[in-house]
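Architecture at a glance
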Amino acid sequence: MPTAAARVVLVTGVSRFLGARVASTLQADPGIERVIGVDTVPPTTPLGRTEFVRVDIRTPSIAKVIASAGVDTVVHLSLVTAQSVPRSKVKEFNVIGTMQLLAACQRSPDMRKLVVRSSAAVYGSSPMDPAVFTERDEPVEAPAHGYAKDAVEVEGYVRGLQRRRSDLTVSVLRFVNFLGPGVDSPLTRYLRMPVVPTVLGFDPRLQFVHEDDGVEVLRRMTVEDHPGTFNVAGDGVLLLSQALRRAGRPFVPMPAQSLSVLGDMGRRFAGQTGFSPELLRLLMYGRVVDNSRLVAELSWRPKHSTEAAFAEFLSANGMGQPGPLGLLERLGAALVRH
């Protein structure tokens, strides 16, 4: 399809695992003249020919970077999910930072394309949810907390920019939880606990996207034109109980209120990240999205299913010595495939 060539690309959040990987992938494209990575802290790994600029996107300085470099494509990856950062700071990074970035994009005559990392968390988690969310579905209960609420606000500001700059190609990507060797997130830390608390009476369905597939989607959206909103997920689902058995992790069901108190104690006394309200709801009700729109748009399917992404996560973390139940599940899955 015809594309507005990305020549000067700015990647936000370049000092984190996803931003660094996307920048590295884009700089290998001979059609891209410059890749500029911005973040508030220097990267811990070499960025190759990506030019690092230390800038806080919450400030007007980001507009100077975009204007002076003639940036035509922005890949916005710096949404913060970390619970170790005070909530007020997280909201500033996610919402105020996005507002400043989008204002800079709006004013720049060179801007042609915007790619935004959003989250499937915008759909919320509720006992009344549809079995599978498509991009057209609205949340039954709108997210009221944390990162999920921030993602909803960010998407709202992106729609506002689209109304003001209808000439821009805008792609919004609603990722399910990333898994892979380089991923560190509240969910991966939860799955690595030596004894995993679960919510009594609930066994949620979970979906994952492998980091390699996530990076490939972001690359395609940057170098090609695919306007719209897309769910990004590996095929298939896993029940939490299946995942924990495959991980060889003992789990202890407990009431949701007790789990919340346990998380608060861990955060206060052991330096752990605790259980945010949105993570607790996910561990109760789960969430599954339909990726068929993305597959049709790109004529491509993620190489890793949810099950395969989880298996690689286990291998990378030295986990997954299944007991009899885990072995039976894997045998059953193999028989179904053949």
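Report follows, based on the coordinates. Bear in mind the structure is a predicted one, so any value in this text is a computation, not a measurement. (Residues numbered from 1 in each chain as written. Predicted model: local features only at pLDDT ≥ 70, side-chain atom pairs only at ≥ 80, totals over all residues. Heavy atoms only, no water.)

Topic: the side chain of Thr 98
Along the chain, the position of Thr 98 falls in helix α3 (residues 87-107). Judged by its relative accessible area of 0%, Thr 98 is buried. Within the structure, the side chain of Thr 98 is placed 3.0 Å from the side chain of His 76, a separation counted as a polar contact. Not counting residues up to four positions away in its chain, the partners in contact with Thr 98 are Ile 57, His 76, Leu 79, Phe 93 and Val 154. (Helix = DSSP H or I, 4+ residues; strand = E, 2+ residues; numbered from the N terminus. Buried < 20%, exposed > 50% of the residue type's maximum accessible area, 1.4 Å probe, protein only. Polar contact = N/O pair within 3.5 Å; in protein donor to acceptor, adjacent residues only side chain to side chain. Contact = heavy atoms within 4.5 Å.)

Concerning the pattern of salt bridges
Tallied over the entire structure, the rule returns 19 salt bridges. When the shortest N-O distance is used, the salt bridge between Asp 184 and Arg 189 registers 2.9 Å. Classification of Arg 189 by relative accessible area gives partly exposed; the value is 26%. Taking the shortest distance from any N to any O, the salt bridge between Arg 219 and Glu 216 comes out at 2.9 Å. Taken together, the residues Arg 219 and Glu 216, both in helix α6 (residues 211-223) and 3 residues apart, mark about one turn of the helix. (Salt bridge = Lys/Arg side-chain N within 4 Å of Asp/Glu carboxyl O.)

Describing the packing of helix α1 (residues 17-27) against α6
Where α1 contacts α6, the two axes come as close as 10 Å, and the packing angle between them is 50°. Our classification of the angle between α1 and α6 gives oblique. In this structure, α1 crosses over α6, and the sense of that crossing is right-handed. Residues Phe 17, Leu 18, Arg 21, Val 22, Thr 25 and Leu 26 of α1 touch α6, and the partners they reach there are Glu 211, Asp 212, Val 215, Leu 218, Arg 219, Thr 222 and Val 223. Grouping the amino acids of the contact of α1 with α6 by side-chain chemistry returns 7 nonpolar, 2 polar and 4 charged. (Axes fitted to C-alpha atoms, helices over the stretch in contact; angles between N-to-C directions. Parallel < 35°, antiparallel > 145°, perpendicular 65-115°, else oblique. Left-handed = near helix turned anticlockwise from the far one by under 90°. Nonpolar A, V, L, I, M, F, W, Y, C, P; charged D, E, K, R; others polar.)

So, the nonpolar core
Core analysis: the largest hydrophobic core is formed by 38 residues, its most contacted members being Val 22, Leu 26, Val 75, Leu 173, Leu 218, Met 221 and Leu 294. Of all elements in the fold, only β1 (8-12), α1, β6 (169-175), α6, β11 (228-232) and α10 (292-298) reach the threshold of two or more residues within this core. In this view, Leu 26 contacts Val 9, Val 11, Ile 32, Val 35, Arg 49, Val 75, Arg 219, Thr 222 and Val 223; residues no more than four positions away in its chain are not counted. Counting residues in each nonpolar core, the second largest holds 28 residues, with Val 71, Val 74, Met 111 and Val 170 among its members. (Core = buried A, V, L, I, M, F, W, Y, C linked by side-chain atoms within 4.5 Å.)

Re the sheet that holds strand β5 (residues 113-119)
With respect to topology, 7 strands assemble into an open sheet ordered β3-β2-β1-β4-β5-β6-β11, the strand pairing being parallel. One side of each edge strand has no neighbouring strand; the edge strands of this open sheet are β3 (51-54) and β11. Adjacent strand axes in the sheet meet at a mean angle of 20°, parallel and antiparallel pairs treated alike. Sheet topology note: the β5/β6 ladder contains 7 bridges and is parallel. By the bridge assignment for β6, Arg 117 is matched with Leu 173. (Pairing = 2+ DSSP bridges.)

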